[in-house]
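Inside the fold
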Amino acid sequence: MRPTNATLSSYGTTIFEAMSALAREHGAVNLGQGFPDDPGPLDVREAAAEHVLNGHNQYPPMMGLPVLRQAVAAHAKRFYGMEIDWEREVMVTSGATEALLDCFLGLLEAGDEVVLLEPAYDTYAPVVQRLGAIPRAVRLQPPDWSLPRDVLVDAFSPRTKMLVLNSPMNPSGKVFRREELEVLAELVVKHDAYAVCDEVYEHLLFGGAKHVPLMTMPGMRERTARIGSAGKTFSVTGWKVGYITAAPAVLRPIAKAHQYVTFTTAPHLQHAVAHGLACDEGYFLGLSATMERSRDRLAAGLKELGLPILACEGTYFLVADVAAWMRHGEDDVSFCERLVAEAGVVVIPMSAFYVQAPPRNLVRFCFCKRDETLDAGLERLRAWRARAG
Ligand SMILES: Cc1ncc(COP(=O)(O)O)c(C=O)c1O
C-alpha cells in the first residue's frame, strides 16, 4: 500500500482518547478529559428532546438556524456590547473543533505562519501543519503563565497570517489580561494578520473576572473570528455545537470550508442551544461559581498532598508540578501511565500541549466534576502516596 498522509501519520491517537481508554480499563477516576459530571441544564436538554420529537429533523440551513444565529448575536451584545449582524456575521458549526478547522481551511495557504501560544490546545498545530502552514509557538512562562513580550514580537514576521488565541486557556487555566490583549491586537494589526479566537471557556472565569474578547480591541473587529461552544457553556460536551462570529469578509471563506466539512449541524441541538443562550444572568454566574468551588476543592486537596499548583483563573483545568512524585528519568507520559495503574487516577501529561521540547514535570487535572469524583480521586492519590511511603 502507498503511504498515507505523513503529517497525520506522525501523530498518535489524541492523549485524551488514550487516557480515557486507560481510565476505563483500570476503573480509574478520570480527572483527565474535560467533560463535566453535571448533565447540563434540564430546560436546555428538554428543548432538544422536544425538537427531536416534534420538530423538523432534516438538513437545517448551511449557516445554521436563524434562531441560533440570532441568539449568538444577542449573547455577544448582552455580554460584550458587540453589534453583530446575525445574517452576515454568524455561522453555526459542529463544535468548536469544526469551527477551528473551517477557520484554518478558509484563511490559510501553505507557507503562511501561524502564531500559537503554548501550552496550546492539541488540535491547532497538527491541522495547521497538515495545511502546509507553519506554527510559530510562543511559550507562556509557568508558574503564572506570563506572556514573554520579546519572544512574542520576534515570533511575528511578514509571513504571519494568523494568531490563534485561546482565552480562558486550556490547559493552563490562564485568562489573558487586557494589557496582554492590547499587545496581541497591536501585533496582529501591524502585521495585517487574522486572529482566530477560541473562546469556548468564555463563561468559565473565576474571582468575578469578566471575559474580554480580543475582537473588541481596537482594530480587531474586522480581522477576528470568535469561536464559542455550547459544550462548555451548557456542560453538554457530547453535543458538538459551536458558533463563529466574524466580519462578512472573514466569515465568507470560512463558510466555504464549512460547506465541504460538515455542511450543517443537528437542528434539535441548535434549537436547544438558542434557548440556552437566552438564559438569565443567574445561569451563567452559577456555572462559573460552581466551577470555581470545584477548582478550590481540588486545589486544596492537591496542596494537602504537597503538590505545587500553578495559577488557574478559568476553564476546567488546573496544572500541578509532579516532579517530586516522578521517578528518576521518567517523563510526564510514563508518569501518567504509572499513575493510572498504581493509583487509579487519570490526569493528562502537559507535553501533549507543546510542539517540541515540552516541560516534563507538569500534569493537567480536570475539576469539572462532582465533589464525590474529586474526593475519590484525591483519596486514591493519598492512599497511593501512603503506600509509596
Ligand atoms: C480550547 C478548546 N477548544 C476547542 C474545544 C472543542 O470544543 P467542541 O467540543 O465544541 O468541539 C475544546 C474542548 O475541550 C477546548 O478545550
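In what follows, the structure referred to is the one given above.
All values derive from a computational prediction rather than experimental measurement.

Moving on: the site of the ligand. By nearness alone, every residue bordering the ligand is listed as Gly 95, Ala 96, Thr 97, Tyr 121, Asn 166, Asn 170, Asp 198, Val 200, Tyr 201, Ser 229, Lys 232 and Lys 240. For the ligand, an oxygen atom lies 2.7 Å from a polar atom in the side chain of Lys 240. Protein coverage of the free-state accessible area of the ligand, which is 400 Å², stands at 93%. Considering each element in turn, the shell around the ligand owes the most residues, 3 residues, to helix α6 (residues 95–107). A class-by-class count of the residues in the shell around the ligand yields 4 nonpolar, 5 polar and 3 charged.

Before going further, it helps to spend a moment on the pairing of strand β4 (residues 134–139). It is a general feature of regular strands that their side chains alternate between the two faces of the sheet. Looking at chain direction, strand β3 (residues 113–118) and β4 are connected through 6 bridges and run parallel. Residue pairing in the sheet places Glu 113 in a bridge with Ile 134 of β4. As for the winding sense of the linkage, the β-α-β connection from β3 through helix α7 (residues 124–130) to β4 is right-handed.

Moving on, we come to the sheet that holds strand β11 (residues 348–349). Strand pairing in a sheet is mediated by backbone hydrogen bonds. Such pairs are either parallel or antiparallel. Strand order in the open sheet formed by 3 strands is β9-β12-β11, and the pairing between neighbours is antiparallel. At either margin of the open sheet sits one strand with a lone partner, and together these are β9 (317–321) and β11. In this structure, β9 lies alongside strand β12 (residues 362–366), joined through 5 bridges in antiparallel fashion. Bridged to Ala 320 within β12 is Val 363.

A complete count under the given rule lists 14 aromatic pairs for this structure. Between Trp 325 and Trp 384, the aromatic rings sit 5.5 Å apart at their centres with planes inclined by 80 degrees, giving edge-to-face as the arrangement. Residue Trp 325 is located in the loop between β9 and α14 (332–343), and its partner Trp 384 is located in helix α15 (residues 371–388); the two are separated by 59 residues in the primary sequence. Grouping residues by exposure puts Trp 325 and Trp 384 together as buried. An aromatic cluster of at least three residues, connected via ring pairs, comprises Phe 79, Tyr 80, Phe 234, Tyr 283 and Phe 284. Here the basic side chain of Lys 369 rests over the ring of Phe 35, its NZ or CZ set 3.6 Å away from the ring centre. In this structure, Arg 385 is placed above the aromatic ring of Trp 384, and the distance from its NZ or CZ to the ring centre is 4.9 Å.

What follows is about the environment of Ala 324. Note that Ala 324 resides in the loop between β9 and α14. Classification of Ala 324 by relative accessible area gives exposed; the value is 69%. Each C-alpha atom of the pair Ala 324 and Pro 308 lies 9.5 Å from the other, and the pair is 16 residues apart in sequence.

Let us now look at the nonpolar core. The tendency in soluble globular proteins is for nonpolar side chains to be buried side by side. One finds Leu 117, Leu 152, Leu 214, Phe 365 and Leu 381 to be the most contacted residues of the largest nonpolar core, which totals 132 residues. When residues in this core are grouped by element, the largest group, 7 residues, is from helix α13 (residues 281–304). Setting aside anything within four residues of it in sequence, one finds Leu 214 in contact with Leu 163, Leu 165, Leu 181, Leu 184, Ala 185, Ala 195, Cys 197, Glu 199 and Met 220.

As a further point, take the environment of Arg 327. Residue position: Arg 327 is located in the loop between β9 and α14. A C-alpha to C-alpha distance of 21 Å links Arg 327 and Glu 304, two positions 23 residues apart in sequence. With residues up to four places along the chain from it excluded, the contact list for Arg 327 reads Arg 338 and Glu 342.

What follows covers unusual backbone geometry. Cis geometry marks the peptide bond from Pro 142 to Pro 143, where omega comes out at 10 degrees. Turning to its location among the elements, Pro 143 is positioned in the loop between β4 and α8 (149–155). Backbone geometry places Phe 263, a non-glycine residue, at a positive phi of 70 degrees. Along the chain, the position of Phe 263 falls in the loop between α11 (248–261) and α12 (267–277). For Phe 263, a relative accessible area of 33% corresponds to the partly exposed category. Within the chain, Ala 357 stands out as a residue other than glycine whose phi angle is a positive 45 degrees. By secondary structure assignment, the location of Ala 357 is in the loop between β11 and β12. Judged by relative accessible area, which is 60%, Ala 357 ranks as exposed.

The next subject is the pattern of salt bridges. Under the defined criterion, the tally for this structure stands at 23 salt bridges. Residue Arg 297 pairs with Asp 371 through a salt bridge whose shortest N-O separation is 3.4 Å. On the criterion of sequence distance, the pair formed by Arg 297 in helix α13 and Asp 371 in helix α15 is long-range, its members being 74 residues apart. Arg 338 is the partner of Glu 330 in a salt bridge, and the nearest nitrogen-oxygen pair spans 2.8 Å. Residue Glu 330 shares its accessibility class with Arg 338, and that shared class is buried. When salt bridges with common partners are traced through the structure, they connect Lys 174, Arg 177, Glu 179 and Glu 180 into a single cluster.

What counts and how
Residues numbered from 1 in each chain as written. Predicted model: local features only at pLDDT ≥ 70, side-chain atom pairs only at ≥ 80, totals over all residues. Heavy atoms only, no water. Near = heavy atom within 4 Å. Polar contact = N/O pair within 3.5 Å; in protein donor to acceptor, adjacent residues only side chain to side chain. Areas by Shrake-Rupley, 256 points an atom, 1.4 Å probe, with all protein chains shown as cover. Helix = DSSP H or I, 4+ residues; strand = E, 2+ residues; numbered from the N terminus. Nonpolar A, V, L, I, M, F, W, Y, C, P; charged D, E, K, R; others polar. Pairing = 2+ DSSP bridges. Right-handed = clockwise from strand over helix to strand, strands pointing away. Phe/Tyr/Trp six-rings, centres within 6.5 Å; stacked < 30°, edge-to-face > 60°. Buried < 20%, exposed > 50% of the residue type's maximum accessible area, 1.4 Å probe, protein only. Lys NZ or Arg CZ within 6 Å of the ring centre and 35° of its normal. Core = buried A, V, L, I, M, F, W, Y, C linked by side-chain atoms within 4.5 Å. Contact = heavy atoms within 4.5 Å. Salt bridge = Lys/Arg side-chain N within 4 Å of Asp/Glu carboxyl O.

Note that all results are geometric; they support no functional claim without further evidence.
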